[in-house]
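Each chain, written out:
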Amino acid sequence: MTMTGWTRTRRALLGTAAAAPLAAAVPRRARGQAPAIRIGVLTDLSGPYSDNTGQGSVIAARLAIEDFVRTNAGFRAEVIFADFQNRAEVGLNTSRTWYDREDVDVVLDVPNSAIAFAVANLAREKNKVAIFTGAASSDLTGRACGPNHLHWVYDTWSQAYATATALVQEGGDTWYFITADYAFGHAVERDTGNFVRAAGGRVLGSGRYPFPQTTDFSAQIVQARASGAKVLGLANGGNDIANCVKQAAEFGLVRAGMRIAAPLILLPDIHAIGLQASQGLIAADTFYWDQDEASRAFTRRFQPQFRNIVPNHIQAGGYSAVLHYLKAAQSLGVAQAKADGAATIRRMKEMPTEDPLFGRGTIRADGRKVHPSYLYQVKAPAESRAPWDYYRRLRTVPAEQAFRPVGEGGCAMVQG
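Residues numbered from 1 in each chain as written. Predicted model: local features only at pLDDT ≥ 70, side-chain atom pairs only at ≥ 80, totals over all residues. Heavy atoms only, no water.

Draft legend 1. Representation of the overall build of the protein chain within the structure. Looking only at helices and strands, the protein chain has 15 helices and 15 strands in total. Its C-alpha radius of gyration of 21 Å places the protein chain within 12% of the 22 Å reference for a compact globule of 416 residues. Principal-axis analysis of the C-alpha atoms places the extent of the protein chain at approximately 70 × 45 × 45 Å. Counting only contacts in the protein chain whose residues sit at least 6 apart along the sequence, the fraction spanning at least 24 positions is 72%. When the accessible surface of the protein chain is totalled, it reaches about 15,800 Å², and 51% of it is carbon and sulfur. Between the mean site of the 45 positive side-chain charges and the mean site of the 37 negative ones, the protein chain shows a separation of 3 Å. (Helix = DSSP H or I, 4+ residues; strand = E, 2+ residues; numbered from the N terminus. Rg over C-alpha atoms; globule rule 2.2 N^0.38 Å. Contact = heavy atoms within 4.5 Å. Areas by Shrake-Rupley, 256 points an atom, 1.4 Å probe, with all protein chains shown as cover. Lys, Arg positive; Asp, Glu negative; His and termini not counted. Charge placed at Lys NZ, Arg CZ, Asp CG, Glu CD.)

Draft legend 2. Region of the structure containing helix α4 (residues 113–126). Compared with the 20 Å implied by 1.5 Å per residue over 14 residues, the 20 Å span of α4 between its first and last C-alpha is a close match. Among the residues of α4, Ser-113, Ile-115, Ala-116, Phe-117, Val-119, Ala-120, Leu-122 and Ala-123 are the ones counted as buried. Taken together, the buried residues of α4 touch β1 (37–43), α3 (88–101), β3 (106–109), β4 (129–132), β5 (149–151) and α6 (183–198). Once α4 finishes, Asn-127 follows within two positions and takes phi at roughly 55°, a positive value. (Expected span 1.5 Å × (residues − 1). Buried < 20%, exposed > 50% of the residue type's maximum accessible area, 1.4 Å probe, protein only.)

Draft legend 3. Here's a closer look at the nonpolar core. Ile-131, Leu-232 and Tyr-325 are the most contacted members of the largest nonpolar core, which totals 110 residues. The biggest single contributor to this core is helix α12 (residues 313–332), with 10 residues. Not counting residues within four places of it along the chain, the set of residues in contact with Ile-131 comprises Val-106, Val-107, Leu-108, Asp-109, Leu-150, Trp-152, Ala-321, Tyr-325 and Met-348. Counting residues in hydrophobic clusters, the runner-up holds 21 residues, among them Tyr-99, Ile-115, Ala-130 and Ala-135. (Core = buried A, V, L, I, M, F, W, Y, C linked by side-chain atoms within 4.5 Å.)

Draft legend 4. Looking closely at the state of the cysteines. Applying the stated criterion across every chain, the model contains one disulfide. Here Cys-145 pairs with Cys-411 through a disulfide, and the sulfurs are 2.1 Å apart. Because the torsion about its S-S bond is 90°, the bridge between Cys-145 and Cys-411 counts as right-handed. Placement of Cys-145 in the loop between β4 and β5 and of Cys-411 in the segment after α15 (399–402) is noted, with a sequence separation of 266 residues between them. (Disulfide = S-S within 2.5 Å.)

Structure, rendered in structure tokens:
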């Protein structure tokens, strides 16, 4: 075996070993046992998205398996995971090894849109399944749609629609973007800018930066201030959002009257920034840990296992996606589900979705999972009653409005 082959195999084995206590997986198949479903969580364990995804995504998949197996005796499923290091070749090679050598049936999460596009093509080539809960680009159900992958939770269109429309209506009609220079950032800027213009506003410019190696955004912030825009739009995510908001505060943008919009901000980002700097930010989300008793019950199980961080919609979406996949695999038959990823995706689309975190929903022909979205405002420090009590809901976006109309994305699988 070559050194490269040993490195990949060793990484996969370490991922399996590390995942075993998290996954509560049943032992390897004994003679006569039914085959086990294998789910590979391809995630960011150490980079800018590690709090928003990472081990939290692994934990969410494990909780879904626990809940499904509890009411379906004899069903077997297990989780492995790997860090894609925000490098396309690492993400693609790991997925290929999983599909070819590790009997993985589903690749889950993938919080990097450039890597997600590559994994979507690979899933189709291998007739496996990919479910993207971390990737954001709306192109995954548009020009890049396919029969072997689904897009869960959120996308750049849904986040941009709720955020940009609200801010322009409030007078924020000129925007300048700071944009991560890869597929995700481009999609956020494009989709948000389109909604700004549709609402009667203007985009005055953008400053792009290399991802993931940038931590100093002073040059882009100076350009944004010089533009005279009323709104600074952050077309990025994870730690980059936190750094941008903190540095914008240091440069006095908010004091100068400039609002900050972060369509893809998540609760761990707010936590990292702090309420003093982030108060008043508008955030779109499809799940909030304190939205109802079901979300609080899930949080009580999840939080102690993830450094006391509450779940966000990506991690809750991983739970939802795994639960629905397991229902479809059981309905189709595990052997058939493992043999034919496209057939499993078709079955998932045929079955209505339902789980305690997102309620009832559907999966469209283009692979878009549909459910309501919510617009929140970040509370001021005096309003927060407890740790992680950060959001005040402004309005609900109904499921039929929350995502791009199915006929507008350019998906070749959509008829007429």
